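Architecture at a glance
Here are the chains, one letter per residue:
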Amino acid sequence: MSEKVSIEKFKGIKNDTDPKQTSFEYFSNIVNFDFQNTSTLGLEPILYPKVLNFFEASQIDGIAEYLFLDSDNVLRQKIIVVCNGSIYFTDFTTKTLIKSGLHTGKCSFAVYLDKLLITNGIDNIQVYDGENDKIKEMGAPYLYIENTGLLLGVYRYAITYVTTGGEEVIGSVSEPITTYNNSVRVELPIGYDGTTKRRIYRTSGNGTQLKFLKEIDDNTTLVFIDNLGDYFLSTDIPATNNELPKPYFLQTAGGKLYGGKVDKYPTQLFPTTVGNLVFDLASFIDISNYSVDNTAIQGLGEDFDKIVVGTKKNIFFVNPADDSVVLTRANVGFLDGYTLAKIPSFGDFTGGLMFVSTARDIRIMTGLQSLPVSTSLDNISTLNYAQDIQGTLPLDLKSYTNIHAQYFNYRYHLQIDNVRYVFDIRNKAWTTHKIQTETYLSSPSVLSVINNQLYNGQVDGYCELEYAEVQYRDEDCQAKLESVEINASSQFSFIEKMYFWFNSSENNNMELTVTTDSNQAYKETKEFNILDGAFNEDFLDINFETNKNGMDYRVFNIYKPCRWIKYKLVISSGSISFQNFEISGQTISNKE
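This text gives an overview of the structure that appears in the document. Every chain is numbered independently, its residues counted from 1 as its sequence is written. The predicted origin of the model limits local features to residues at a pLDDT of at least 70 and limits the giving and counting of side-chain atom pairs to 80 or more, whereas totals for whole chains, interfaces and linings rest on all residues. Water and hydrogen atoms play no part in the side-chain values, which are based on all heavy atoms of the structure.

Some words on the pairing of strand 7 (residues 86–90)
Taken across its five residues, strand 7 has four buried, putting it largely inside the fold. Counting the residues that bridge the hairpin from strand 6 (residues 75–83) to strand 7 gives two residues, and of these N84 lies at a positive phi of roughly 55 degrees. Pairing analysis gives four bridges linking strand 7 to strand 8 (residues 95–99), with the strands arranged antiparallel. Considered in strand 8, the bridge of T90 is made with K95. Two strands make a pair as long as DSSP finds a minimum of two bridges between them. Helical segments are the DSSP runs of H or I of at least four residues, strand segments are the runs of E of at least two, and each set is numbered from the N terminus. Hairpin connection between strand 7 and strand 8: a loop of four residues separates the two successive antiparallel strands, and F92 in this loop has a positive phi of roughly 70 degrees. Each residue gets one of three labels from its accessible area relative to the maximum for its type: buried under 20%, exposed over 50%, partly exposed in between, using a 1.4 Å probe on protein chains only.

Overview of the nonpolar core
For the purposes of this section, nonpolar cores are sets of buried Ala, Val, Leu, Ile, Met, Phe, Trp, Tyr and Cys residues that join through side-chain atoms within 4.5 Å. Core analysis: the largest hydrophobic core is formed by 34 residues, its most contacted members being L117, M138, Y157, I200, L257 and F279. For this core, the secondary structure elements donating two or more residues are strand 9 (108–112), strand 13 (142–155), strand 14 (157–163), strand 16 (177–187) and strand 18 (211–216). Not counting residues up to four positions away in its chain, the partners in contact with L257 are A110, Y112, L117, M138, L250, Q251, T252, F270, P271, T272, L277 and F279. Residues L43, F500, C562 and F578 belong to the second largest nonpolar core, which totals 32 residues. Residue contacts are counted whenever heavy atoms from the two residues lie within 4.5 Å of one another.

So, the environment of L52
Here L52 is to be found in strand 4 (residues 48–54). Sequence spacing of L52 and N456 is 404 residues, and the spatial spacing of their C-alpha atoms is 9.9 Å. Residues in contact with L52, not counting those within four places in the same chain, are F92, Y455, Y462, C463, E464 and L465.

Describing the sheet that holds strand 15 (residues 166–168)
Here four strands make up an open sheet; going across it, the order is 15-14-17-18 and the pairing antiparallel. The sheet is open, and its two borders are formed by strand 15 and strand 18, each paired with just one other strand. On average, each strand axis in the sheet is inclined to that of its neighbour by 30 degrees, with strand direction left out of account. With six bridges connecting them, strand 14 and strand 17 (residues 197–202) associate as antiparallel partners. Bridge pairing in strand 17 places Y157 opposite R202. Helix axes are fitted to C-alpha atoms over the stretch in contact, other axes to C-alpha atoms as well, and angles between N-to-C directions run from 0 to 180 degrees.

Here we look at the packing of aromatic side chains
Stacked, tilted and edge-to-face pairs are distinguished by plane angle, under 30 degrees for stacked and over 60 for edge-to-face with tilted covering the rest, among Phe, Tyr and Trp rings (Trp via its six-membered ring) whose centres lie within 6.5 Å. Tallied over the full model, the rule gives 24 aromatic pairs. When the ring of Y265 is compared with that of F270, the centres are 6.0 Å apart and the planes differ by 75 degrees; the resulting orientation is edge-to-face. Within the aromatic cluster, the residues linked to one another by ring pairs are F349, Y385, Y421, F423 and W430. One Lys or Arg, R473, reaches over the ring of Y462 and ends 5.5 Å from the middle of that ring. Either the NZ atom of lysine or the CZ atom of arginine qualifies as a charge over a ring when it sits within 6 Å of the ring centre and within 35 degrees of the ring normal.

Observations regarding the side chain of T328
Turning to its location among the elements, T328 is positioned in the loop between strand 27 (324–327) and strand 28 (341–343). On the basis of relative accessible area, T328 is assigned to the buried category, the value being 3%. Polar contact is the term for a pair of N or O atoms within 3.5 Å; when the atoms are in protein, one must be able to donate a hydrogen and the other to accept it, and sequence-neighboring residues count only if both atoms are side-chain atoms. Within polar-contact distance, the side chain of T328 engages the backbone oxygen of I315 at 2.8 Å.

A short note on the sheet that holds strand 24 (residues 297–303)
Overall, antiparallel pairing links the four strands, which are arranged 24-25-26-27 in an open sheet. Both outer strands of the open sheet, strand 24 and strand 27, are each paired with one neighbouring strand and no more. The mean angle between the axes of side-by-side strands here comes to 25 degrees, regardless of whether they run parallel or antiparallel. Where strand 25 (residues 306–311) meets strand 26 (residues 315–319), four bridges bridge the pair, whose relative direction is antiparallel. For G310, the partnering residue across the bridge sits in strand 26 and is I315.

Bear in mind that shape data such as this cannot, by itself, settle questions of function.
Okay, here's the thing in structure tokens:
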């Protein structure tokens, strides 16, 4: 008598993987393919970038999504693009100039106290207030036109900070403001720790020399209304004696802002105090004092609310609570700070900070610094995840001119000049993107995620939306798969056929090359296509069958004795989902 079993008891859920999906170890080169979003196995050609608006005939140096709360506590967004020393906000169809006249050079960004900070390592840090559409240099005031008054012309302002050590001149100056018989509202920055007074300096109308205007006898007043004529101006501003550091990288943690990689002070990290927006040159953390490492800081990251500082040799943790520094056991440094990206966990992949190391490989820093270190060792590790691309990566890293990285959609994207290495965290495997047509080459200088989409900035001043179109600039772009050597054996084998499994929903043109025993004389190449998602039986002498678990496949006839084979599949137009290949053959008992 049969027994009844409820669905809750035996579950009834399919738990085996699709046998036709091929994992990454069977490929030596994967170009312009990615692993499918719907599965961790199987490959499909990428969608290509869509060209958006043009900024200037110069490299895009930075793109940022700036989110801030306005005075009504409403979250707002502005998209910022930096190009040729100019800062714009944009919707990628129009652009509005915020500021020009800066040096060119790649930028990094940080949002702190609801302001966007922009730095390039050459100019003073730019501080952009999105709600009021105002920009200034760090430590300088914002200016606003007030009521009728005595000021007529173009004016600039500067603030100095008085401590027990005397008057400290940091070197930043406000943006110009044009008045037509007005007064000016001067919004005063709060000075760093130890500031007891602030002094305001101003130019005369249409002048250039900053002169003393007013002393503010505290470090709390936020506004000064200036309605003093030029005749109130007295002595010139003193020479700069506490110059603002100009870092290449900014990070926030613990309510503080940190700046690092400063050309003049290569081993020093500069922190603000909590809630303060001015660096003090005299307040710094010299990372070289915490190890025998006296190499320069190369980049900054953030993890576990700690600042991660990478030099050329080591990685350090800085605790914002007290600015204490601990040397980790990573035993490797950052090659370039623009390659850092925070990577989440997935399955047995733990995630962490991913970066290009000074060993010219790609590592992920995982683990947590144990405290106190006097009684326990940390468990920081920096595993190398670049073994599968070591054939090309070290050469690309040897003489690059541009490098940038961004995490997006389960993938770490590392752009090195015109080649992009893409690491999929779902199966811990690499693919490569090189987007080149007969006419065009996509050459991103920076990458950024905005509105949950990936954008790039090009070296020629264009911005592009990644993963958007089946062609690049209306031209076809090749996607290529190359296998490893397959079926290697000490015995000769007779290979009859290879089966290639696909899913497709559009017209395609493909070329398949099979090489036996690494001998180019035994190479065979055949072209074929798929029309409207189905194979065309009239195209060449290749067998055609359908309807095996819903997939189509091609049969490549070989009929050769060989010990190993290798294949290359090139898709010149259209898109497929490559699922698997199978080999049909027989073993020969002797070599006759």
